[in-house]
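Chain by chain, the residues run as shown.
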Amino acid sequence: MSDLAAALAKLQADLPRIKRTQPGQHGKYAAYDKILAAVRPIMAKHGFAWWSAPGLAPMGGHTEWRFVLHYVLTYLPTGETIDGSYPLAEGPPQQQGAVITYARRYCLTSVLDLEIEGDDSMDAPQRARPVRGAKVTGPEHERLRDGLHTATPDDRPGSIANSQRGGMHMAFSAIGITDRAERLAMTRDILGLPDLLSSNDLSYTQAAALLLALKERTGVREGR
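Trainee: Help me out: how do you make sense of the pattern of salt bridges in this one?
Mentor: Opposite charge on two side chains permits pairing when their charged atoms draw close. Throughout the structure, instances matching the rule amount to two salt bridges. Notably, a salt bridge pairs Asp14 with Lys45, separated by 2.5 Å at the nearest N-O pair. Of this pair, Asp14 sits in helix H1 (residues 3-14) while Lys45 sits in helix H2 (residues 32-45), placing them 31 residues apart in sequence. For Asp14, a relative accessible area of 31% puts it in the partly exposed group. A residue is classified by how much of its surface remains accessible, and Lys45, at 60% relative accessible area, is exposed. Among the ionic pairs, Arg17 bridges to Glu115, the shortest N-O distance being 2.9 Å. Of the two residues, Arg17 is situated in the loop between H1 and strand S1 (22-24) and Glu115 in the loop between helix H3 (93-112) and helix H4 (141-145); the sequence distance between them amounts to 98 residues. Residue class for Arg17 comes out partly exposed when judged on its relative accessible area of 48%.

Okay, here's the thing in structure tokens:
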């Protein structure tokens, strides 16, 4: 077990159960600033630092760019990190701030595996009013599921990219799953696609969601 993995396990054992206190469209939810205020001192005690900010990430062989939220959890004693980019949908400026806040909350709770009181939807801002005609610049299966945007090529069956196939192969190998049938079974389970016959039938959006889930299961990635 790496230093980061061991330290993360100790951190998670010390983290509190987060309560939903902020009124929202669908009842109360856990606000990002409240979550951060609750966990940041504990992260600092265990030698961790959290950072997130919106920015651009390349896609399509660096010929196109998408709007994302970059996030990094750093274990300061060794410099090891858990990091990634969460895709964001473009929309009106008034709603973009809410979308970024939602993404920050989602990434922080996911990376730390925080326990949220009750069945917390985190009051995704798009549920209040869908953005018609919003251009989705990256995969985001939850937003597609909730009807935020109309289908794009990224959401069409079979639009999985070659780079995603390679990433899936490496991620499965990293967690010790080499059997094709077992990989397909796990893919079905993670994505909730019981009728999936081949990973080639996945959309870009679904493949991105799978890669994120597999990355979390592999544990950590060495610092850059």
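That was the structure; now back to the text.
Trainee: I would appreciate a short explanation of unusual backbone geometry in the present structure.
Mentor: What is expected of a backbone is that most residues other than glycine have negative phi and most peptide bonds are trans. Even without being a glycine, Asp113 presents a positive backbone phi close to 55°. Mapped onto the secondary structure, Asp113 falls in the loop between H3 and H4.

Trainee: Where do I start with the confidence of the model for the chain in this structure?
Mentor: Low pLDDT marks regions whose predicted coordinates should not be analysed in detail. Overall, the prediction assigns the chain a mean pLDDT of 76, with 75% of residues at 70 or greater. Mean pLDDT per element in the chain: H4 is the minimum at 38, and H2 is the maximum at 95. Note on residues 119-153: pLDDT under 50 across the span, and 76 contacts to partners over four residues away in sequence or across chains.

Trainee: Please clarify how helix H5 (residues 162-174) should be interpreted in this entry.
Mentor: Helical geometry: 3.6 residues make up each α-helical turn, so side chains three or four residues apart lie on a common side. The end-to-end C-alpha separation of H5 is 19 Å, in line with the 18 Å expected for 13 residues at 1.5 Å each. Listing the buried residues of H5 in full gives Gln164, Gly167, Met168, Ala171 and Phe172. When H5 is viewed along its axis, its buried side chains cluster within an angular range of 130° and face the same direction. Those residues of H5 that are exposed and aimed more than 90 degrees away from the buried face are Asn162, Ser163 and Met170. The positive-phi residue at the C-terminal boundary of H5 is Gly176, with phi of around 80°.

Trainee: So what exactly am I meant to see when it comes to the packing of aromatic side chains here?
Mentor: Aromatic rings considered in pairs are described by the distance between their centres and by the relative angle of their planes. On inspection of all chains with the given rule, the structure shows four aromatic pairs. Ring geometry for Tyr86 and Tyr106: centres 5.2 Å apart, planes at 50°, overall tilted. Linking Tyr86 in strand S5 (residues 80-87) with Tyr106 in helix H3, this pair joins segments that are 20 residues apart in sequence. On the basis of relative accessible area, Tyr86 is assigned to the buried category, the value being 6%. An aromatic cluster is present here, built from Tyr86, Tyr102 and Tyr106 joined pairwise through their rings.

Trainee: Even after reading the chapter, I still don't get the sheet that holds S5, so can you show me in this structure?
Mentor: Strand pairs in the sheet, formed through backbone hydrogen bonds, run parallel or antiparallel to each other. If you walk across this open sheet you meet the three strands as S3-S4-S5, and the pairing is antiparallel. Looking at strand neighbours, the two that pair on one side only are strand S3 (48-59) and S5, the edges of this open sheet. Across the sheet, the axes of successive neighbouring strands diverge by a mean angle of 25°, strand direction being ignored. As defined by bridge partners, strand S4 (residues 64-75) adjoins S5 across eight bridges and the pair is classed as antiparallel. Bridge pairing in S5 places Tyr75 opposite Glu80. Here H1 sits on the sheet and contacts S3, S4 and S5; the angle it forms with S5, its principal contact strand, is near 75°. Along the sheet, H2 contacts S3 and S4; its crossing angle with S3, the most-contacted strand, is approximately 120°.

Trainee: Explanation requested: H2 in the structure shown.
Mentor: In this model, H2 (14 residues) spans 20 Å end to end at C-alpha, consistent with the 20 Å of a helix rising 1.5 Å per residue. If you look at H2, its biggest bend is around 35°, right at Val39, and the proline Pro41 turns up within four residues after that. Among all positions of H2, only Tyr32, Ile35, Leu36, Val39, Ile42 and Met43 are buried. One or two steps after H2, the chain reaches Gly47, where phi turns positive at roughly 85°.

Trainee: Explanation requested: the packing of H5 against helix H6 (residues 180-191) in the structure shown.
Mentor: The geometry of a pair of packed helices is captured by two quantities: the angle between their axes and the separation between those axes. At a minimum axis separation of 12 Å, H5 and H6 run at an interaxial angle of 100°. Taken together, the axes of H5 and H6 are roughly perpendicular relative to one another. Counted together, His169, Phe172 and Ser173 of H5 and Arg183, Met186 and Thr187 of H6 form the full contact between these two elements.

Reading the values: the criteria
Counting starts from 1 at the beginning of each chain's written sequence and moves along it residue by residue. The predicted origin of the model limits local features to residues at a pLDDT of at least 70 and limits the giving and counting of side-chain atom pairs to 80 or more, whereas totals for whole chains, interfaces and linings rest on all residues. Remark: hydrogens and water are excluded; side-chain values derive from all non-hydrogen atoms of the structure. Definition used for salt bridges: Asp or Glu carboxyl oxygen within 4 Å of a side-chain nitrogen of Lys or Arg. Labels follow the DSSP assignment, with helices taken as runs of H or I lasting at least four residues and strands as runs of E lasting at least two, numbered in each case from the N terminus. We call a residue buried when its accessible area falls under 20% of the maximum for its residue type, exposed when it is over 50%, and partly exposed in between, using a 1.4 Å probe and counting protein chains only. Per-residue confidence from the prediction method is given by pLDDT, with values spanning 0 to 100. In what follows, residue pairs with any heavy atoms lying within 4.5 Å of each other are defined as contacts. Expected span of a helix: the number of residues minus one, times 1.5 Å. It is the directions from the helix axis to the C-beta atoms whose arc is reported. Two rings belonging to Phe, Tyr or Trp (six-membered ring only in the last case) form a pair when the distance between their centres is within 6.5 Å. Interplanar angles under 30 degrees mark stacking, angles over 60 mark edge-to-face geometry, and anything in between is tilted. Strands are treated as partners if at least two bridges between them are detected by DSSP. For helices, the fitted axis covers only the stretch in contact; all axes are lines through C-alpha atoms, and the angles between them, taken along N-to-C directions, range from 0 to 180 degrees. Here the bend at a residue is taken as the angle between two axes, fitted respectively to the seven residues that end there and the seven that start there. For classification purposes, angles smaller than 35 degrees are called roughly parallel, those larger than 145 roughly antiparallel, those between 65 and 115 roughly perpendicular, and all remaining angles oblique.

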